[in-house]
Number of protein chains: 2
Amino acid sequence: MALAEQKNKQIIEAAIAEFQEKGFAGASMDRISERAQVSKRTVYNHFESKEALFKAITECLAGRVQSYLHVSFDPKAPIRDELIRLGWSQGKLLTDPCAMSMVKMVLGEVLRDPDLASHMNKRMEMVMIIKTFLDATVKSGHLNIPDTLTGAEQFLGLIKARGFYPKMFGEAVATHEEMERIIEETVDMFLSRYGTGKA
Amino acid sequence: MALAEQKNKQIIEAAIAEFQEKGFAGASMDRISERAQVSKRTVYNHFESKEALFKAITECLAGRVQSYLHVSFDPKAPIRDELIRLGWSQGKLLTDPCAMSMVKMVLGEVLRDPDLASHMNKRMEMVMIIKTFLDATVKSGHLNIPDTLTGAEQFLGLIKARGFYPKMFGEAVATHEEMERIIEETVDMFLSRYGTGKA
DNA sequence: TCCCATGTAAACTCGTCAGTTTACTTTTTG
DNA sequence: CAAAAAGTAAACTGACGAGTTTACATGGGA
């Protein structure tokens, strides 16, 4: 069955490229099969329809993104370092050109399909991960945040505002150095606002 | 010429709705003429092609958005109030359902068309307006911001992270009350980080 | 080696869409 | 009022796309 898997991969790669360049409506199954070096019928053997192919790709994306998101608070380490680690849990994703190109592809469709949107949202709940982290920092007395959900949104907003959204409209993603500055400045602002002085 | 203008307006309104629901590729000129209660030929009398109609709409959007953006710093007023005014210069836009629905429409296409993206960017340079404002606050000694461009991005990021991007994926826009909270919390964070104590 | 699941190429159906054409009516204006 | 400008309805052209069908090839497990 090595062949089938190989073909499957070729189709998915080609479909990602095609959907990203043309959007769902603009993409053509003929072109996808051509790009995948595979006959059209083979595409339909692997995926029932254009829609099914698109959904499979979003699943694939959600899976890849989710694998990035693991971070928990260590109360014994310096709080600034811990917040920087938290920042990097997002920064890693935003500096990965592959992940970003997929996010970009899905975003265009998501704007028009609220169902797909809420589905993707559920599978990419970054805010809740950050909130959980911040709850722990509050419990240990390192930060004083009256509303950790707001805090999480602000933290993520500060990073995305400079490392994500501006990159949506160009080719490049943020470099490692850029992201490092963004995260440090985010943490500085966050500590000015919510810090308790406890290291 | 009152009739021609009337028809023109009908077409643009219908086209905004259609493009927003279906995207550029998915939109149909037949359906646009139907929605506009106008014959198809009339649409083509007003706009040479689908592309031309879309471009006209983005121009129209850029114009409406630009008209929102006017705010300058008054050094004699309390700094917190001034920053809140600055926040509202953006907040007004983000709480206007009409403006938001147009932004949403264009965004999907912009993700696929870097030329259109840079064109829209130039016509909606919010960051520079905020930077100019912040430069003035630094000059008057009210704030201490080492890098006002970064500061402007952070300020805008804090607002958009909660008042704009989350709303992109749903129907509603932020309410006035929501936006008020968002702006106040943004200003609080900003003053914690960059405030000099001078009122 | 045989067989069947899988792959291939190419033609085909049927629908839709951008844009045009035709024959006619309404509105504006000189 | 008369003619020019703008609008209308409906049919038409040519292209393209999703998904199917047909007839044939291939490769890996029994």
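Residues numbered from 1 in each chain as written. Chains lettered and ligands numbered in written order. Predicted model: local features only at pLDDT ≥ 70, side-chain atom pairs only at ≥ 80, totals over all residues. Heavy atoms only, no water.

Named according to an unreviewed UniProt entry, chain A is Transcriptional regulator, TetR family originating from Roseibium suaedae.

Trainee: Whenever I open this one, the protein's contact with DNA strand C confuses me. Can you help?
Mentor: Neighbouring residues of DNA strand C: 21 residues in total, closest T42(A), A27(B), M29(B), K40(B) and R41(B). In DNA strand C, the atoms that sit within 4 Å of the protein are 71% sugar and phosphate, with bases accounting for the remainder. Taking K7(A), its side chain carries an N or O atom lying 3.2 Å from a phosphate oxygen of DNA strand C. A distance of 2.9 Å separates a phosphate oxygen of DNA strand C from a polar side-chain atom of K50(B). Those elements giving two or more residues to the surface near DNA strand C turn out to be α1 (2-26) and α3 (40-46) of chain A together with α2 (29-35) and α3 (40-46) of chain B. Residue composition of the surface near DNA strand C, grouped by class: 9 nonpolar, 6 polar and 6 charged. (Near = heavy atom within 4 Å. Polar contact = N/O pair within 3.5 Å; in protein donor to acceptor, adjacent residues only side chain to side chain. Helix = DSSP H or I, 4+ residues; strand = E, 2+ residues; numbered from the N terminus. Nonpolar A, V, L, I, M, F, W, Y, C, P; charged D, E, K, R; others polar.)

Trainee: How do you make sense of the relation of the copies chain A and chain B when you look at a structure like this?
Mentor: Between the two copies of the chain lies a rotation about an axis combined with a shift along it. For the pair chain A and chain B, the superposition axis carries a translation of 0.1 Å, the fit reaches an RMSD of 0.2 Å, and the rotation angle comes to 180°. Such a combination of turn and shift is consistent with a two-fold rotation axis. Within chain A, the C-alpha atom positioned nearest to the axis of rotation is that of G108(A), 2.3 Å from it. Comparing interface residues between copies, 100% of those in chain A also sit at the interface in chain B, which points to an isologous, same-surface contact. (Least-squares fit on C-alpha atoms with pLDDT ≥ 70 in both. Contact = heavy atoms within 4.5 Å.)

Trainee: Would you mind going over the UniProt feature "DNA-binding region" (unreviewed entry) in chain A with me for this structure?
Mentor: UniProt tags residues 28-47 of chain A as "DNA-binding region" (unreviewed entry). From the first C-alpha to the last, residues 28-47 of chain A spans 14 Å; its make-up is 70% helix and 0% strand. (UniProt positions renumbered as here; feature names shortened; annotations may be inferred.)

Trainee: Teacher, can you tell me more about the packing of helix α5 (residues 79-94) of chain A against helix α8 (residues 126-139) of chain A here?
Mentor: Residues and elements named next belong to chain A. With their axes 12 Å apart at the nearest point, α5 and α8 run at an angle of 175° to one another. Classified by the interaxial angle, the pair formed by α5 and α8 is roughly antiparallel. Two secondary-structure elements touch here, α5 through I79, E82, L83, L86, Q90 and L93 and α8 through M126, I130, F133, L134 and T137. (Axes fitted to C-alpha atoms, helices over the stretch in contact; angles between N-to-C directions. Parallel < 35°, antiparallel > 145°, perpendicular 65-115°, else oblique.)

Trainee: When you look at the pattern of salt bridges in this model, what are you seeing that I'm missing?
Mentor: If the charged atoms of two oppositely charged side chains come close together, the side chains can form a pair. For the coordinates displayed, the defined rule picks out 26 salt bridges over all chains. With its nearest N and O atoms 3.1 Å apart, the salt bridge here joins E153(B) to R162(A). With E153(B) in helix α9 (residues 148-163) and R162(A) in helix α9 (residues 148-163), this pair bridges two chains. A salt bridge links R35(B) to E18(B); the nearest nitrogen and oxygen atoms lie 2.9 Å apart. Of this pair, R35(B) sits in helix α2 while E18(B) sits in helix α1 (residues 2-26), and the two are 17 residues apart along the sequence. Owing to a relative accessible area of 35%, R35(B) belongs among the partly exposed residues under this scheme. Several salt bridges share partner residues, and in doing so they unite D147(A), E153(A), R162(B), R181(B) and E185(B) into one network. (Salt bridge = Lys/Arg side-chain N within 4 Å of Asp/Glu carboxyl O. Buried < 20%, exposed > 50% of the residue type's maximum accessible area, 1.4 Å probe, protein only.)

Trainee: Help me understand helix α6 (residues 97-110) of chain A in this model?
Mentor: Spacing of three or four residues puts side chains on the same side of an α-helix, whose turn is 3.6 residues. Under the 1.5 Å per step criterion, the end-to-end length of α6(A) is 20 Å for 14 residues, consistent within 8% with the ideal 20 Å. Burial analysis of α6(A) places 11 of its 14 residues in the buried class, which makes it a mostly covered element. (Expected span 1.5 Å × (residues − 1).)

Trainee: Honestly, the nonpolar core in this entry has me stumped. Any pointers?
Mentor: Across soluble globular proteins, nonpolar side chains have a tendency to be buried as a group. Within the largest apolar cluster, 130 residues are counted, with the highest numbers of intra-cluster contacts made by L83(A) and L83(B). Residues contacting L83(A), with those up to four places away along its chain left out, are F133(A), L134(A), L143(A), F155(A), V187(A), F190(A) and L191(A). (Core = buried A, V, L, I, M, F, W, Y, C linked by side-chain atoms within 4.5 Å.)

Trainee: Looking at this structure, how should I read the interface of chain A and chain B?
Mentor: At the interface, 34 residues of chain A touch 34 residues of chain B. Linking chain A to chain B there are 6 salt bridges. Run the count over chain A and chain B and you get 2 residue pairs in polar contact (both at pLDDT 80 or more). Secondary structure elements with two or more residues in the side of chain A that touches chain B: α1, α6, α9, α10 (165-168) and α11 (176-194) of chain A. Per-element tally for the side of chain A that touches chain B: the top contributor is α11(A), with 8 residues. Looking at the side of chain A that touches chain B residue by residue, the classes come out as 14 nonpolar, 8 polar and 12 charged.

Trainee: For this particular structure, what's the right way to read unusual backbone geometry?
Mentor: A negative phi holds for most residues other than glycine; trans holds for most peptide bonds. The phi angle at Q37(A) is positive, at roughly 55°, despite the residue not being glycine. Relative to the helices and strands, Q37(A) resides in the loop between α2 (29-35) and α3.

Trainee: Please explain the domain arrangement of chain A as it appears in this structure.
Mentor: Size of an interface, as often reported, equals the accessible area lost when the parts are brought together. All names here are of chain A. Assigned domains of chain A: these are domain 1 (2-47) and domain 2 (63-194). Each of domain 1 and domain 2 was reduced to a C-alpha centroid, and the two centroids are 32 Å apart. With 6 residues of domain 1 at the contact, the number on the domain 2 side is 6 residues. Buried area between domain 1 and domain 2, summed over both chains or domains, comes out near 470 Å², and the portion from carbon and sulfur atoms is 61%. For the pair domain 1 and domain 2, the number of links is 0 salt bridges. (Domains from an automatic or database assignment. Buried area = accessible area lost by both parts, 1.4 Å probe.)

Trainee: How do you make sense of the packing of α11(A) against helix α10 (residues 176-194) of chain B when you look at a structure like this?
Mentor: Working note: a packed helix pair is described by the angle between its axes plus the distance between those axes. In the contact formed by α11(A) and α10(B), the axes pass within 8 Å of each other and the chain directions differ by 100°. Classed by the angle they form, the pair α11(A) and α10(B) counts as roughly perpendicular. Taking contact as the criterion, the partners of D188(A), M189(A), F190(A), S192(A), R193(A) and Y194(A) in α11(A) are, on α10(B), D188(B), M189(B), F190(B), S192(B), R193(B) and Y194(B). Tallied by class, the residues present in the contact of α11(A) with α10(B) amount to 6 nonpolar, 2 polar and 4 charged.

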